[in-house]
Each structure stands twice: as C-alpha cells, then as structure tokens.
Amino acid sequence: MTQLSIETNRLQEAIDINRIQRRLDDLWEIGRTSAGGVSRLAYSETENEAHEYLRKELPAEYDVRIDSVGNMFATRWPDASQTILTGSHLDSVHNAGRLDGTLGTVISLEAIEAYNAVVDEPCCPPTLAVFRAEESARFGYHTIGSRSALSELDAQTLSATDEKGIPVWQAMNDAGFYPGDLSEPTIDIDATMGFLEVHIEQGRLLDEKATNVGVVSSIRAPVRYRVCVEGNFDHSGATPMDLRKDALAAASEMICEIEAVATANTVDGDIVATVGDLTAVNGAINTVCGTVEFPLDIRSTDSAFRAEVEREILAELEAIANRRGVTVTSELIDESEPVALSKTVQTQLIESAEAAESTYQTLPSGGGHDAMNFQLAGIPTGLLFVPSIDGISHNPDERTPEEAINEATRTLVYALNRVSNSYGNN
Ligand SMILES: [Zn+2]
C-alpha cells in the first residue's frame, strides 16, 4: 500500500525538536574544544564515540550494519528489497562548529522516526546512513567513507598519511575496521533507490534571504593552480622605480585582476575565483621582492564555463607579467568535475518543501559532500541545505535557527515519502 499524503499536523506532532537539540548538545560534548567548537577527526576516538552515541540513540528494533570501513546503516526494514538512504557524517575539521554534517545526521534520524510514525508501509523504506571521514582535515582526502561504500576509494587514498605519519588504512584498523576488496561496494547499489543528504549551507545565501531550506542544484568543483611570479630582488633604497621588476607588485595586480575577471563573468554563469594565500619569498621591508607564490582556486558548477574563465584569467596573468617585465608560471595542481544533482530529486525536494510549508530556494553547493559520490555512482541524489547564520562554517560559531531545523526535518519526511512513492508498489 502506498500512502500518498501525509497530514501536516500529525507530522509536526511526530517531530521532536527538543530531541534534535538534545542529540546535538550530547554530540557537542564528544570532542568539545575549549573554544566552544568540536574536534572529531576522521577515525579518531571521538569520531568512534560519536558513532557509538548515535547507535545507542536508535530505537531497539533497528537493524544496524557497520560496513568494513565503519560506515553505519540503520533501518527498521532490513529485509526490504529497496531502500532510500538518508544521512550525513559525524567527523569534523579541527575546532569545527557543532553542526556541519552532525546536524544533517541528527535531522535524518528524526525524519526517519517521524516518517515511521505517519507512514505505515512505505514502498521503499528509509535507511539512516552515517559516513566516516567526510572531512579532509586529517588525511588530506575527503569523503573516504562514502567513496568506500561505493567502491570508489583508490589505493592512493588508503595509504595517505596524517601529520603523525599514520596512513588511512592503519587509522581504520586502529578504529576496528578492516577494509576488504576496494573494488567491491559495501552497499547494495542496485537496491539503493536514492540518497538524500542534509547539511548546513556553509555559505550565506539562505541566511541573507531568510530562507529555511535550500535545494541544491549542483556541486561546484575547483580547478587549482600554484602560481609563481618571478622578477628581480633589489635594494629598496638603491633601485629607482623604473628599473624594478617587482614580483610582489605584479602579483598584487594579478590578484586584483583575478577578482575582476571572475566578477565580470558572474553575469554569464556560475563562477568564483579566489587567491587565499600569498608568499613573498625572502620578503623584507628593505627589499624589492623577486619571487612571489600564490594559490589560485577557480570553481563553477559548469566545467566548460569554468575552463573559459580559467583561460581568460591565465591570459591576463601573462599580459600583466609581460607588461611588468616579470615571468609567471601557473602549475595545475588539482582539477575536479562539478556534479549536477538529479533533476528528478530536485523537483521532489521542491514539492516536499512546499508540502512542508517551508520557505526554500535552489542554490549551488560551494563545497563537496558525500552526496556527490552517490550522484556520480548513478544513484538519484538530493542535497538539502539549512542556513548557517552569517554563512559561518568550520568554525565554533556555527548556528542554525530552530525553525529552519524544524522545516528541513518536515521537508525531508515529505521527500522520503515522495521518492518512496515514485518507486511504485511493492
Ligand atoms: Zn560536512
């Protein structure tokens, strides 16, 4: 039997916002820092403890499966032939905020419970999915858990080390997990009809428009360069202005031009470009600096458009270097593909936000998430954002309004039902 509609009042009674807040408070204590944040690095004691905590919060009748890398899957319907996964991650960066993926995980559990309370026999019941090691803070590689689940983890990532020289596989072993054949997924991909992730936005679009739910259209991906500008090292007092080849002045002009080119291109498509660091090699107050390095990060949801802007930026850097008599080299260090999320699921999420009487907007995601791996594996995937006040992310000051948490939970329940119903009768 399919149950097509959910009665809003009954649903609201089933959602316990205090339970969500209590779980968030409890999880905050696991790895809490003196600065009021939380540190739960991938495969650390604290990540283990957070998974253990959540497991104890599950109703006794849940079937819980921990896969070979420590991802947790929990459901009331272990024998169902199909399922929809919903969840996020509990690990964090150093001194992170208390929300990030933790809020998404806690909302997913609450939504599953509320769904169970209002829908009797779902066609395609939900499974809570909690992934390991989403953040790259410890090993320099992101979404290790979800990539393992989908057989997308490579040997290079498994042997990457943390700052103490501990490789990923060793950290997994220390936490009690022994990954088997990397080419085997740890979930039944064919039986996974969808993945719905909830996460804080990590930007300020929702907060600025006072919207409570964001439906993500696509996930931006970066192309990254290490740029080196070389001129001449000279004495600042002895070298007349017209004889200088000042690498730092040239780099400054380049950085402003990068900003100008990206800004001008926002009229034609999705683009952001950032220089987030600058090194004046052997720079000093009495020196005209001869060598400067800076990283360049260009992101878009559209790789062809990103390539156009990338070419324009690199050409401008050359032009500035030529005019100033310095040289510029741009070394490509990373290039990833943007991921467009399922249009079908986006529509289902929008309909769900409307049914849940939530304010919503569609937006791109600036950062990577477990969701992108599921979409790349061909599983219809949706990503719901809740606002982070002032766009704060990876910082102890992360906060989300309670009403947004409530509306996102309601929206997720409707979405679980919509996706489930779209797979017909069992
Ligand atoms: Zn996250």
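Going by the structure above, here's the rest.
All values derive from a computational prediction rather than experimental measurement.

Reading the values: the criteria
- Residues numbered from 1 in each chain as written.
- Predicted model: local features only at pLDDT ≥ 70, side-chain atom pairs only at ≥ 80, totals over all residues.
- Heavy atoms only, no water.
- Salt bridge = Lys/Arg side-chain N within 4 Å of Asp/Glu carboxyl O.
- Helix = DSSP H or I, 4+ residues; strand = E, 2+ residues; numbered from the N terminus.
- Buried < 20%, exposed > 50% of the residue type's maximum accessible area, 1.4 Å probe, protein only.
- Contact = heavy atoms within 4.5 Å.
- Phe/Tyr/Trp six-rings, centres within 6.5 Å; stacked < 30°, edge-to-face > 60°.
- Lys NZ or Arg CZ within 6 Å of the ring centre and 35° of its normal.
- Expected span 1.5 Å × (residues − 1).
- Arc of directions from axis to C-beta.
- Polar contact = N/O pair within 3.5 Å; in protein donor to acceptor, adjacent residues only side chain to side chain.
- Donors = N, O, S within 2.8 Å, 3.2 Å for Na, K, Ca; no water.
- Axes fitted to C-alpha atoms, helices over the stretch in contact; angles between N-to-C directions.
- Parallel < 35°, antiparallel > 145°, perpendicular 65-115°, else oblique.
- Left-handed = near helix turned anticlockwise from the far one by under 90°.
- Nonpolar A, V, L, I, M, F, W, Y, C, P; charged D, E, K, R; others polar.

A.B. asks: An account of the pattern of salt bridges is needed here, citing residue identities and associated values.
C.D. replies: All chains considered together, the criterion is met by 20 salt bridges. Residue arginine 138 is joined to aspartate 162 by a salt bridge in which the shortest nitrogen-to-oxygen separation is 2.9 Å. Of this pair, arginine 138 sits in the loop between strand E4 (126-131) and helix H5 (144-149) while aspartate 162 sits in the loop between helix H6 (155-158) and helix H7 (168-174); the two residues are 24 residues apart in sequence, bridging distant segments of the chain. Across this residue pair, the class does not change: arginine 138 and aspartate 162 are buried. In the salt-bridge network here, residues are joined through shared partners; they are Arg19, Arg22, Arg23, Asp26, Glu57 and Glu110.

A.B. asks: Quick one: what's the story with the environment of asparagine 173, residue by residue and with numbers?
C.D. replies: Note that asparagine 173 resides in helix H7. On a C-alpha basis, the gap between asparagine 173 and serine 68 in space is 9.9 Å, while along the polypeptide they are 105 residues apart. Leave out the neighbours within four places in its chain, and asparagine 173 touches Tyr178 and Pro179.

A.B. asks: Outline the side chain of serine 218, supporting the account with residue identities and numerical values.
C.D. replies: Looking at the secondary structure, you find serine 218 in strand E6 (residues 213-219). Beyond its immediate stretch of four places on either side in the chain, serine 218 contacts Thr301, Val339, Ala340, Leu341, Leu363, Pro364 and Ser365.

A.B. asks: Lay out the packing of aromatic side chains with the relevant residues and their values.
C.D. replies: All told, the structure shown has four aromatic pairs when counted by the stated rule. Where phenylalanine 131 meets phenylalanine 195, the ring centres are 5.8 Å apart and the plane angle is 85°; that geometry is what we call edge-to-face. In this pair, phenylalanine 131 sits in strand E4 while phenylalanine 195 sits in strand E5 (residues 192-200), placing the two residues 64 residues apart along the sequence. Here phenylalanine 131 matches phenylalanine 195 in class, with each residue buried. Among the aromatic side chains, those forming a connected cluster through ring pairs are Phe73, Phe131, Phe195 and Phe374. Looking at arginine 32, its charged tip hangs above the ring of tryptophan 28, at a distance of 3.9 Å from the centre.

A.B. asks: Can you break down helix H9 (residues 247-265) residue by residue, with the values?
C.D. replies: Counting along an α-helix, one turn takes 3.6 residues, and residues three or four places apart therefore face a common direction. Taking 1.5 Å as the rise per residue, H9 with 19 residues should run 27 Å; its terminal C-alpha atoms sit 27 Å apart, in good agreement. Taken residue by residue, H9 has Ala247, Ala250, Ala251, Met254, Ile258, Val261, Ala262 and Asn265 as its buried positions. Projected down its long axis, H9 carries its buried residues within an arc of 105°, all on one side. The exposed residues of H9 that point more than 90 degrees off its buried face are Cys256, Glu259 and Ala264. The secondary structure elements touched by the buried residues of H9 are strand E7 (221-230), strand E9 (272-274), strand E12 (291-300), helix H10 (303-324) and strand E13 (327-335). One side-chain oxygen at the N-terminal end of H9 lies 2.9 Å from the backbone nitrogen of leucine 248; it belongs to aspartate 246.

A.B. asks: A description of the coordination of the zinc ion should follow, citing residues and the corresponding values.
C.D. replies: Within the protein, His89 (NE2), Asp100 (OD) and His199 (NE2) serve as the donor atoms for the zinc ion, at 2.0 to 2.1 Å. For the zinc ion, the single-chain donor residues occur in sequence as H-x10-D-x98-H. Taken together, the positions of aspartate 100 in helix H4 (residues 100-118) and histidine 199 in strand E5 put the pair 99 residues apart, joining distant regions of the chain.

A.B. asks: Describe the packing of H4 against helix H13 (residues 402-422), naming the residues involved and giving the relevant values.
C.D. replies: Here H4 crosses H13 at 55°, and the two axes come no closer than 9 Å. Between H4 and H13, the angle is such that the two are oblique. Here H4 and H13 pass one another in a crossing that is right-handed. Counting all contacts with H4, which are made through Leu103, Ile107, Ser108, Glu110, Ala111, Ile112, Ala114, Tyr115 and Val118, the residues of H13 involved are Ile405, Ala408, Thr409, Leu412, Val413, Leu416, Asn417 and Ser420. Taken together, the residues that form the contact of H4 with H13 break down as twelve nonpolar, four polar and one charged.

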